[in-house]
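Descriptive structure summary
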Amino acid sequence: LDVDTRARALELADQLRGVVGGFKIGSRLFTSEGPALVSALAARGDRVFLDLKFHDIPTVVGDAVRAASRLGAWMVTVHGSGGRTMLEAAASAARESERPPIVVAVTVLTSLDPSELGRIGVHRGLPEQVESLAELATTAGCDGVVASPREVSRLRARLGSDPVIVTPGIRSGP
């Protein structure tokens, strides 16, 4: 639901309910409309994928995952580059929640190419960085990862069939 208003988000949800598996709320809509929209969709029985890519100190991320769970989020994202302790805090917070959300760790943003990775201090190849962060996240207790569709077969070979792998959506126009 990459839109700016609650009204448009609810309109789209009404049109797509039963056709899609859930609704992603990212930072754009969440910043515009806040937690109440997550709760409203969850109260309607919708699965809400809260894609806020939490990346902070472990206690803050754990608290954010708990808060997302209280809102009714079905799935939440954290940054794999936040480190083992942060990932463990997110996974633990989810497990302790009354309605545990699925926690998936973003590996490498699809906007980052090898040269940009180098500028931020990552000098291994992009596929190796994705695999490393995916393994870190899953061994830390996360339910899965977010990765490019190009990485799925490599990740399945390395991680097996259990972890959830979420791939970015494909846009059909500008």
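Just so you know, these numbers come straight off a predicted model, no measurement behind them. Every chain is numbered on its own, with residues counted from 1 as its sequence reads. Whole-chain, interface and lining totals are the exception, using all residues; otherwise, since this is a predicted model, local features are given only for residues with pLDDT of at least 70 and side-chain atom pairs are given and counted only at 80 or more. Heavy atoms throughout the structure, all of them, feed into the side-chain values; hydrogens and water do not.

**Things to note about the overall build of the protein chain**
Selection rule: Every helix listed is a DSSP run of H or I at least four residues long, and every strand listed is a run of E at least two residues long, numbered separately from the N terminus. Atoms counted for the radius of gyration: C-alpha only. Globule rule: 2.2 Å times residue count to the power 0.38. The classification of residues rests on relative accessible area computed with a 1.4 Å probe and restricted to protein chains. Under 20% of the type maximum is buried, over 50% is exposed, and intermediate values are partly exposed. We get accessible surface area from the Shrake-Rupley algorithm with a probe of 1.4 Å; when it comes to residues, only the shown protein chains can shield them. Just so you know, the count uses Lys and Arg for positive and Asp and Glu for negative, and it drops His and the chain ends. To locate a charge, take atom NZ for lysine, CZ for arginine, CG for aspartate or CD for glutamate.
Counting secondary structure elements, the protein chain contains 8 helices and 6 strands. Listed by position from the N terminus, the elements making up the protein chain come as α-β-α-α-β-α-β-α-β-α-α-β-α-β. The C-alpha radius of gyration computed for the protein chain amounts to 16 Å, which stays within 12% of the reference 16 Å derived for 174 residues, consistent with globular compactness. In terms of its C-alpha atoms, the protein chain occupies a principal-axis envelope of roughly 45 × 40 × 30 Å. Residues counted as buried form 41% of the 174 residues belonging to the protein chain. In the structure as shown, the protein chain presents an accessible area of about 9000 Å², 52% of it carried by carbon and sulfur atoms. Here the protein chain contributes 20 positive and 20 negative side-chain charges, whose respective centroids are spaced 2 Å apart.

**Focus: a nonpolar patch on the surface**
Put simply, the rule reads: Distance thresholds for patches are 9 Å for like charges and 5 Å for nonpolar side chains (Val, Leu, Ile, Met, Phe, Trp, Tyr), applied to residues having over 30% relative accessible area and no salt bridge. In the sections that follow, a salt bridge refers to a side-chain nitrogen of Lys or Arg positioned within 4 Å of a carboxyl oxygen of Asp or Glu.
Where nonpolar side chains cluster on the molecular surface, the patch consists of Leu16, Val19 and Val20 and spans about 240 Å² of accessible area. For Val20, the location among the structural elements is in the loop between α1 (6–16) and β1 (23–26).

**Some points on the environment of Ala68**
Short version of the rule: By definition, residues are in contact when any of their heavy atoms lie within 4.5 Å.
Tracing the sequence through the fold places Ala68 in helix α4 (residues 58–71). Sequence spacing of Ala68 and Ala94 is 26 residues, and the spatial spacing of their C-alpha atoms is 9.1 Å. Among residues more than four places away in sequence, those in contact with Ala68 are Leu50, Ala73 and Val76.

**Considerations on the pattern of salt bridges**
Inspection of every chain in the model, using the stated rule, returns 16 salt bridges. For Asp46, the salt bridge identified is with Arg17, shortest N-O distance 2.8 Å. With Asp46 in the loop between α3 (35–43) and β2 (48–54) and Arg17 in the loop between α1 and β1, the pair connects residues that are 29 residues apart, well separated along the chain. Taking relative accessible area as the criterion, Arg17 reaches 32% and is therefore assigned partly exposed. Between Asp51 and Lys24 there is a salt bridge; the shortest N-O distance is 4.0 Å. Residue Asp51 is found in strand β2, and its partner Lys24 is found in strand β1; the two are separated by 27 residues along the sequence. Taking relative accessible area as the criterion, Asp51 reaches 11% and is therefore assigned buried.

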